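So you can see what is in the structure, the chains are spelled out below.
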Amino acid sequence: GAGVSQSPSNKVTEKGKDVELRCDPISGHTALYWYRQSLGQGLEFLIYFQGNSAPDKSGLPSDRFSAERTGGSVSTLTIQRTQQEDSAVYLCASSPRLETQYFGPGTRLLVL
Amino acid sequence: KQEVTQIPAALSVPEGENLVLNCSFTDSAIYNLQWFRQDPGKGLTSLLLIQSSQREQTSGRLNASLDKSSGRSTLYIAASQPGDSATYLCAVLRVNQGGKLIFGQGTELSVKP
């Protein structure tokens, strides 16, 4: 079946602009995660959605970052007033609760 | 705070060698541990998941072990092939921490033909 998909695959933006990154999880997976992978920082957790529970936002680096998940499926990660340090690969994953996480190909964000 | 460390950071071996990648974690209160593979410019592919109650998992030429009490896991790759060249990441899922994985920095493996 289809895996996790993310769009866009690449995004170049100017400092100060807002960006939206989209994730389509595997159908039926109740859990959805966002991670960020940047040079020198490795892979770091951002936010986690599980069913209808309140999301775990403990990994979001600042209030410029927000995410939502509509209808328990598609998720959008929004970064407002982007900064150069936001440049990274943003990875989305989904899983059937606390099991193997399946990752999408990522969105490569470059803030000029 | 859970910290995950992978050694070595990079490894280059000739084709056919058996090799071991190491992962250590500081907090033994984990729910499971996963090994992933990441090819350049790609996302992560799950290789093996070991539940905290398990000692090892095997898939083909891959074998992962877990010693929760000592905070260690190893990924054993038998008869390495050039196609195994990639970055290997281990990640732990902590108890009562929801679904967030804590990742190591990875081991970059190069298998020379």
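Here is a short report on the structure shown in this document. Note that the structure is predicted; figures quoted are calculated from it, not measured.

Per the stated rule, a full pass over the model turns up eight salt bridges over all chains. Here Glu14(A) and Lys17(A) are joined by a salt bridge, their closest N and O atoms 3.7 Å apart. As a salt-bridge pair, Asp39(B) and Arg37(B) come within 3.0 Å of each other at their nearest N and O atoms. Exposure remark for Asp39(B): the relative accessible area of 25% places this residue in the partly exposed category.

The next thing to look at is the environment of Leu19(B). Residues and elements named next belong to chain B. Among the structural elements, Leu-19 can be located in strand S3 (residues 19-25). The buried category is assigned to Leu-19, whose relative accessible area is 4%. Spatially, the C-alpha atom of Leu-19 lies 6.6 Å from that of Ala-78, the residues being 59 residues apart in sequence. Dropping the residues within four chain positions of it, Leu-19 is found in contact with Leu-11, Val-13, Leu-75, Tyr-76, Ile-77, Ser-80 and Leu-109.

A separate point is the nonpolar core. Core analysis: the largest hydrophobic core is formed by 22 residues, its most contacted members being Phe25(B), Leu33(B), Trp35(B), Leu75(B), Ile77(B), Tyr88(B) and Leu109(B). Mapped by element, the contributors of at least two residues to this core are S3, strand S4 (30-38), strand S5 (44-51), strand S7 (62-67), strand S8 (72-77), strand S9 (86-94) and strand S11 (107-112) of chain B. Counting 20 residues, the second-largest nonpolar core is a separate cluster that includes Ile26(A), Phe49(A), Leu60(A) and Ile79(A).

All right, on to the interface of chain B and chain A then. Taken residue by residue, the interface counts 21 residues in chain B and 19 residues in chain A. Each partner contributes to the roughly 1,500 Å² buried at the junction of chain B and chain A, and carbon and sulfur atoms together form 54% of this total. Summed over the shared surface of chain B and chain A, the result is one salt bridge. One salt bridge connects Lys100(B) with Asp56(A), and the closest N-O pair in it is separated by 3.9 Å. Listing elements by their share of the side of chain B that touches chain A, those giving two or more residues are S4, S5, S9 and strand S10 (101-103) of chain B. The dominant element in the side of chain B that touches chain A, judged by the number of residues it contributes, is S4(B), at five residues. Among the residues forming the side of chain B that touches chain A, the class breakdown is eight nonpolar, 11 polar and two charged.

Moving on to the side chain of Ser80(B). Residue and element names in this part refer to chain B. Within the fold, Ser-80 resides in the loop between S8 and S9. For Ser-80, a relative accessible area of 1% puts it in the buried group. A polar contact is formed between the side chain of Ser-80 and the backbone oxygen of Glu-17, at a distance of 2.8 Å. Excluding residues within four positions of it along the chain, Ser-80 makes contact with Val-13, Pro-14, Glu-15, Gly-16, Glu-17, Leu-19, Arg-61 and Val-111.

Under the definition given, this model contains two disulfides over all chains. Put simply, Cys23(A) and Cys92(A) are joined by a disulfide, and their sulfur atoms are 1.8 Å apart. The sign of the -65° torsion about the S-S bond sets the Cys23(A)-Cys92(A) disulfide as left-handed. A residue pair is termed long-range when its members are at least 10 positions apart, and Cys23(A) in strand S3 (residues 19-24) and Cys92(A) in strand S8 (residues 88-95) qualify at 69 residues. Since its relative accessible area comes to 0%, Cys23(A) is described here as buried. The partner cysteine of Cys23(B) in its disulfide is Cys90(B), sulfur to sulfur 1.9 Å. Measuring handedness by torsion sign, the sulfur bridge of Cys23(B) and Cys90(B) sits at about 70° and is right-handed. Residue Cys23(B) is found in strand S3, and its partner Cys90(B) is found in strand S9; the two are separated by 67 residues along the sequence.

A separate point is the environment of Val12(A). Residue and element names in this part refer to chain A. Examined against the element boundaries, Val-12 turns out to sit in strand S2 (residues 10-13). Judged by relative accessible area, which is 54%, Val-12 ranks as exposed. Between the alpha carbons of Val-12 and Gly-71 there is a distance of 29 Å; along the sequence they are 59 residues apart. Each residue touching Val-12, except ones within four places of it in the same chain, is listed here: Leu-110 and Leu-112.

Inspection of the entire model under this criterion finds eight aromatic pairs over all chains. Look at Tyr33(A) and Tyr48(A): their rings are 5.0 Å apart centre to centre, the planes differ by 10°, and that puts the pair in the stacked class. In this pair, Tyr33(A) is assigned in strand S4 (residues 31-38) and Tyr48(A) in strand S5 (residues 42-50), connecting sequence segments 15 residues apart. Note on Tyr33(A): relative accessible area 1%, which makes it buried. Among the aromatic residues, ring-to-ring pairing joins Tyr33(A), Tyr35(A), Phe45(A), Tyr48(A), Phe103(A), Phe36(B) and Phe103(B) into one connected group.

Cut-offs and rules
Residues numbered from 1 in each chain as written. Chains lettered and ligands numbered in written order. Predicted model: local features only at pLDDT ≥ 70, side-chain atom pairs only at ≥ 80, totals over all residues. Heavy atoms only, no water. Salt bridge = Lys/Arg side-chain N within 4 Å of Asp/Glu carboxyl O. Buried < 20%, exposed > 50% of the residue type's maximum accessible area, 1.4 Å probe, protein only. Helix = DSSP H or I, 4+ residues; strand = E, 2+ residues; numbered from the N terminus. Contact = heavy atoms within 4.5 Å. Core = buried A, V, L, I, M, F, W, Y, C linked by side-chain atoms within 4.5 Å. Buried area = accessible area lost by both parts, 1.4 Å probe. Nonpolar A, V, L, I, M, F, W, Y, C, P; charged D, E, K, R; others polar. Polar contact = N/O pair within 3.5 Å; in protein donor to acceptor, adjacent residues only side chain to side chain. Disulfide = S-S within 2.5 Å. Phe/Tyr/Trp six-rings, centres within 6.5 Å; stacked < 30°, edge-to-face > 60°.

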